[in-house]
Amino acid sequence: MLAAGTFAQAGSAVAIHGPAFLIPTLHRELGYSLAAAGAVAAAPTVGVMVTLVAWGLFVDRYGERLALGLGLAGTAACSVLAVLTRDRIGLLVVAIGLAGAFAASSNAASGRVVVGWFPPERRGLAMGIRQMAQPMGVGIGAVGIAVIAESYGVASALWLPAAITALGVVAVLLTVIDPPRPDRRTTRVANPYREDAYLARVHGVSMLLVVPQFLVWTFSLAWLVDDRGWSAGAAGAVVAVAQVVGALGRIAVGAWSDRAGGRMGPLRLVAVGAAASMLLLGLTAGLDWAVAVALMVVATAVTVADNGLAFTAVAERAGPFWSGRALGLQNTGQFLVASAVPPVTGLAVAGWGYPAAFAAAAVFPLLAIALVPVRDEAPPS
């Protein structure tokens, strides 16, 4: 079930992030303006943001297996619709946006499968493995969709997310069983947001830590090329290595939280590490030291390490009847902040330069340190 959930999440990531790699082909081959091609790339993200909480509510009511099956099937169907409407920009944007809306189902549902079937002492490691799905999906989209689109056209490239998510449906139906949960009729279901501020604080921490994460993700390649004079190929290789290190780091931090017996202590130290790595990256980049490249790889790994910890903590605290909605809110907040990071950082880089922008991003994890709850909390009674 862990493998099926991870595969489902990776397939959803291909559908959500893959259209961004169609931009060159849409512009050159089909004659779309860059603005129109950008709208195609942004459409699935918009679809995700507006449906995350609704899918979370669906998971709470009807279970993980049904949500994953319907969501992946809908993603595959809408990806096929995108193939058929590729020559009409308005319909293509709608089709890819709907694919993103269906793909959002896996965010809460696959996380709930992990939390429901793995005991607390193994849950952090399992969630770390599941959290590798996003960089895996982005990598598949970057290589597969870009290469297929360039060689065989947009229609052929759009069959990739359709095929992967269709396979995901099969994997879910053959493998996933809804985790056991108490009988709703005999269990007091408390709203965890009314119990205390624990969930709101974890949401806030994650939103703050998204800033350095997406800043490094978005601008590290441009910094290597523009400021350090690297070739695009060499810079891309280093960025790819950094992503692999970050993915492995999610597993390591998850296992660490299992041994520590809680998520908040490791989460606080990750925030400290994020602040320190961004400050050092900004300082060494400003001094033009070669070690800045290694620090960029470190910052990439550290700034993504919080995702699995926070996701697990939210699901554990919200309980079996509220975790779907809570995870939906968790991801919605992160997506909202992430969408603002590239344009704001672009203005900062234009005005101050890359080193100052890197260093300024350390302010956000510093604020997050104070917001991390003092200790882990038990689910509401």
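Keep in mind that this is a model prediction, so the values were computed, not measured. (Residues numbered from 1 in each chain as written. Predicted model: local features only at pLDDT ≥ 70, side-chain atom pairs only at ≥ 80, totals over all residues. Heavy atoms only, no water.)

Enquirer: Just to check I follow, could you spell out the overall build of the protein for this structure?
Expert: Counting its secondary structure elements, the protein contains 18 helices and zero strands. Relative to its length of 381 residues, the protein is compact, with a C-alpha radius of gyration of 20 Å against a globular reference of 21 Å. Projected onto its principal axes, the C-alpha positions of the protein cover 65 × 50 × 30 Å. For the protein, buried positions account for 54% of its 381 residues. Looking at the protein alone, contacts between residues at least 24 apart form 82% of all its contacts between residues at least 6 apart. Carbon and sulfur atoms make up 70% of the accessible area of the protein, which amounts to about 15,400 Å² in all. (Helix = DSSP H or I, 4+ residues; strand = E, 2+ residues; numbered from the N terminus. Rg over C-alpha atoms; globule rule 2.2 N^0.38 Å. Buried < 20%, exposed > 50% of the residue type's maximum accessible area, 1.4 Å probe, protein only. Contact = heavy atoms within 4.5 Å. Areas by Shrake-Rupley, 256 points an atom, 1.4 Å probe, with all protein chains shown as cover.)

Enquirer: When you look at the nonpolar core in this model, what are you seeing that I'm missing?
Expert: General note: in soluble globular proteins, nonpolar side chains tend to be found buried as a group. Among the nonpolar cores identified, the biggest contains 31 residues, and Met-264 and Leu-267 are the most heavily contacted of them. Looking at this core, the elements with two or more residues in it are α6 (105-117), α7 (120-131), α11 (198-226), α13 (264-286), α15 (306-318) and α16 (323-352). Here this core gets seven residues from one element, more than from any other, and that element is α15. Discounting residues that sit within four places of it in the chain, Leu-267 has contacts with Val-205, Leu-209, Asp-306, Leu-309 and Val-372. Formed by 29 residues, the second largest nonpolar core is a distinct cluster that contains Val-238, Leu-281, Met-296 and Val-337. (Core = buried A, V, L, I, M, F, W, Y, C linked by side-chain atoms within 4.5 Å.)

Enquirer: Would you take a moment to explain α11 for this structure?
Expert: A turn of α-helix holds 3.6 residues, and therefore any two residues three or four places apart point the same way. For α11, spanning 29 residues, the distance from its first C-alpha to its last is 42 Å, which sits close to the expected 42 Å at 1.5 Å a residue. When the local axis directions of α11 are compared, the greatest deviation, roughly 50°, occurs at Phe-219. (Expected span 1.5 Å × (residues − 1). Bend = angle between axes of the 7 residues up to and from the residue.)

Enquirer: So what exactly am I meant to see when it comes to unusual backbone geometry here?
Expert: Trans peptide bonds make up most of the peptide bonds, and negative phi angles are found at most residues other than glycine. The phi dihedral of Asp-288 is positive, around 60°, even though this residue is not glycine. Here Asp-288 shows up in the loop between α13 and α14 (291-304). Looking at Asp-288, the relative accessible area reads 53%, which means it is exposed.

Enquirer: Teacher, can you tell me more about the environment of Thr-218 here?
Expert: By the secondary structure assignment, Thr-218 is in helix α11. The spatial distance from the C-alpha of Thr-218 to the C-alpha of Thr-345 is 9.2 Å, given a sequence separation of 127 residues.

Enquirer: What's the story with the side chain of Asp-258 in this structure? I'm lost.
Expert: Mapping Asp-258 onto the fold places it in helix α12 (residues 232-260). With residues up to four places along the chain from it excluded, the contact list for Asp-258 reads Pro-120, Glu-121, Arg-122, Arg-123, Gly-124, Leu-125 and Arg-263.

Enquirer: How should I be thinking about the pattern of salt bridges in this particular structure?
Expert: When charged atoms on two side chains of opposite charge get close, those side chains can pair. Enumeration according to the criterion identifies eight salt bridges in this entry. When the shortest N-O distance is used, the salt bridge between Arg-263 and Asp-258 registers 3.0 Å. Note on Arg-263: relative accessible area 3%, which makes it buried. A salt bridge links Arg-263 to Glu-316; the nearest nitrogen and oxygen atoms lie 2.9 Å apart. (Salt bridge = Lys/Arg side-chain N within 4 Å of Asp/Glu carboxyl O.)

Enquirer: Looking at this structure, I do not really get a nonpolar patch on the surface. What am I missing?
Expert: Taken together, the side chains of Leu-280, Leu-283, Leu-287, Trp-289 and Val-291 make up a nonpolar region of the molecular surface, amounting to roughly 480 Å² of accessible area. Mapped onto the fold, Trp-289 is located in the loop between α13 and α14. Judged by its relative accessible area of 47%, Trp-289 falls in the partly exposed class. (Patch = residues over 30% accessible without salt bridge, like charges linked within 9 Å, V, L, I, M, F, W, Y side chains within 5 Å.)

Enquirer: I keep staring at the packing of α11 against α15 and nothing clicks. Help me out?
Expert: To describe two helices that pack against each other, one gives the angle between their axes and the distance between the axes. At a minimum axis separation of 10 Å, α11 and α15 run at an interaxial angle of 165°. Between α11 and α15, the interaxial angle falls into the category roughly antiparallel. As for how α11 packs across α15, the hand of that crossing is left-handed. Between α11 and α15, the contacting residues are Tyr-198, Leu-199, Val-202, His-203, Ser-206, Leu-209 and Gln-213 on the first element and Asp-306, Asn-307, Ala-310, Ala-313, Val-314, Arg-317 and Ala-318 on the second. (Axes fitted to C-alpha atoms, helices over the stretch in contact; angles between N-to-C directions. Parallel < 35°, antiparallel > 145°, perpendicular 65-115°, else oblique. Left-handed = near helix turned anticlockwise from the far one by under 90°.)

Enquirer: Hey, could you run me through the packing of aromatic side chains in this one?
Expert: The way to describe two aromatic rings as a pair is by their centre distance and the angle between their planes. Using the criterion set out here, one finds six aromatic pairs in the structure. Summarising the aromatic geometry, the rings of Trp-55 and Phe-58 are spaced 5.5 Å apart at their centres and angled 70° between planes, so their arrangement reads as edge-to-face. A residue pair is termed a helical-turn pair when its members lie 3 or 4 positions apart in one helix, as Trp-55 and Phe-58 do in helix α3 (residues 34-62) at three residues. A residue is classified by how much of its surface remains accessible, and Trp-55, at 11% relative accessible area, is buried. A cation over a ring is seen here: Arg-325 above Trp-322, with NZ or CZ 4.0 Å from the ring centre. (Phe/Tyr/Trp six-rings, centres within 6.5 Å; stacked < 30°, edge-to-face > 60°. Lys NZ or Arg CZ within 6 Å of the ring centre and 35° of its normal.)

Enquirer: I keep staring at the packing of α11 against α14 and nothing clicks. Help me out?
Expert: At a minimum axis separation of 9 Å, α11 and α14 run at an interaxial angle of 150°. Here α11 and α14 pass one another in a crossing that is left-handed. Contacts from Leu-209, Pro-212, Gln-213, Val-216, Trp-217, Ser-220, Trp-223 and Leu-224 of α11 reach α14 at Ala-292, Val-293, Met-296, Ala-299, Thr-300, Thr-303 and Val-304. A per-class count over the contact of α11 with α14 returns eleven nonpolar, four polar and no charged. (Nonpolar A, V, L, I, M, F, W, Y, C, P; charged D, E, K, R; others polar.)

This is a description of form; function is not addressed.
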